[in-house]
Amino acid sequence: MMSHICLILLLMLTLDSVSSNNRFFISAPRVFHVGVKEKVLVQVEGIHLNNVITFYLEHESTTTLMSVKTTATCAEMGSIKTVELMVDKEKMSQLASPKNAPLYLVLVAESPSFPKRYSTRVLVSKHRGYIFIQTDQPIYTLSQTVRYRIFTLDHALRPTNEMCSISIFNAAGNRVM
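Residues numbered from 1 in each chain as written. Predicted model: local features only at pLDDT ≥ 70, side-chain atom pairs only at ≥ 80, totals over all residues. Heavy atoms only, no water.

> So what exactly am I meant to see when it comes to the side chain of Ser-67 here?
With respect to the helices, strands and loops of the structure, Ser-67 is situated in the loop between strand 5 (52-59) and strand 6 (70-73). Here Ser-67 falls in the buried class, since its relative accessible area comes to 5%. Apart from the residues lying within four places of it in its own chain, the contact partners of Ser-67 are Tyr-56, Leu-57, Leu-85 and Met-86. (Helix = DSSP H or I, 4+ residues; strand = E, 2+ residues; numbered from the N terminus. Buried < 20%, exposed > 50% of the residue type's maximum accessible area, 1.4 Å probe, protein only. Contact = heavy atoms within 4.5 Å.)

Structural data, given as structure tokens:
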């Protein structure tokens, strides 16, 4: 779970190997969750200061835009800017992907000060959160009433207010509630 929450280094590139003033650093989640705003951090130096950097997600093979294009501009040396990218639910539902195969998108960073477009693959998860079910005792007899409560949490383990449907089946597979 920690890997879903922690940001990891995706790109660290030196444009001019002689000068240390022309570097930039981009950090993003290893996994992007569909429909969840994920944070991407950027820090630049030298010639990249005061230049607009555009970030977006695109499909690997079709290059279909899978998020809104978002921009950031670092005006001061050492400042870190944050942009939020969200994988579009509608576009993801239209993609045909093999079952049980991991789905990847491409995180793209573009700027007039970059000599080329930089990109890296990121894993996409349709898993949006967790459901915890708790009962008041571990085993019940036929005459006992089952008491339970359900907690729904988002991908960062924060409570959610989303509706959740519950169906209960008996041992024979018949729906009882």
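> What should I look at first to understand a nonpolar patch on the surface in this one?
A cluster of nonpolar side chains, namely Ile-131, Ile-133, Val-146, Tyr-148, Ile-166, Ile-168, Val-176 and Met-177, defines an oily patch on the protein surface of about 710 Å² accessible area. Structurally, the position occupied by Ile-131 is in strand 10 (residues 129-135). Judged by its relative accessible area of 54%, Ile-131 is exposed. (Patch = residues over 30% accessible without salt bridge, like charges linked within 9 Å, V, L, I, M, F, W, Y side chains within 5 Å. Areas by Shrake-Rupley, 256 points an atom, 1.4 Å probe, with all protein chains shown as cover. Salt bridge = Lys/Arg side-chain N within 4 Å of Asp/Glu carboxyl O.)

> Is there a simple way to think about the environment of Lys-37 in this case?
Its place among the elements puts Lys-37 in the loop between strand 3 (31-33) and strand 4 (38-44). Taking the relative accessible area as the measure of exposure, Lys-37 reaches 56% and is therefore exposed. For the pair Lys-37 and Met-86, spaced 49 residues apart in the sequence, the C-alpha separation amounts to 4.6 Å. Excluding residues that lie within four positions of it along the chain, Lys-37 makes contacts with Glu-84, Leu-85 and Met-86.

> Could you clarify how one ought to interpret the pattern of salt bridges in this entry?
Opposite charge on two side chains permits pairing when their charged atoms draw close. In this structure the tally under the stated criterion is five salt bridges. Residues Arg-121 and Glu-60 are paired through a salt bridge, measuring 2.5 Å at the closest nitrogen-oxygen approach. One end of the pair, Arg-121, is in strand 9 (residues 118-125); the other, Glu-60, is in the loop between strand 5 and strand 6, and 61 residues separate them in sequence. Its relative accessible area of 37% is what places Glu-60 among the partly exposed residues.

> What's the story with the sheet that holds strand 9 in this structure? I'm lost.
Within a beta sheet, neighbouring strands are joined by backbone hydrogen bonds and run either parallel or antiparallel to one another. Pairing within the open sheet is mixed, and its five strands lie in the order 3-9-8-5-6. In this open sheet, the two edge strands, each paired with only one partner strand, are strand 3 and strand 6. Shown here is a sheet whose adjacent strand axes are inclined to one another by a mean of 35°, direction ignored. Strand direction decides the pairing type here: strand 3 and strand 9, joined by three bridges, are parallel. Counterpart to Phe-32 in the pairing with strand 9 is Val-124. (Pairing = 2+ DSSP bridges. Axes fitted to C-alpha atoms, helices over the stretch in contact; angles between N-to-C directions.)

> Would you mind going over the nonpolar core with me for this structure?
Considering soluble globular proteins, one finds that nonpolar side chains tend to be buried as a cluster. Counting residues in each nonpolar core, the largest one holds 26 residues, and the members touching the most others are Phe-32, Val-40, Val-42, Phe-55 and Leu-57. Listing elements by their share of this core, those giving two or more residues are strand 2 (23-29), strand 4, strand 5, strand 7 (81-85), strand 8 (103-110) and strand 9. When sequence neighbours within four positions are dropped, the list of residues in contact with Phe-55 reads Ile-26, Val-40, Val-42, Val-68, Lys-69, Thr-70, Ala-72, Val-83, Leu-85, Val-108 and Ala-109. (Core = buried A, V, L, I, M, F, W, Y, C linked by side-chain atoms within 4.5 Å.)

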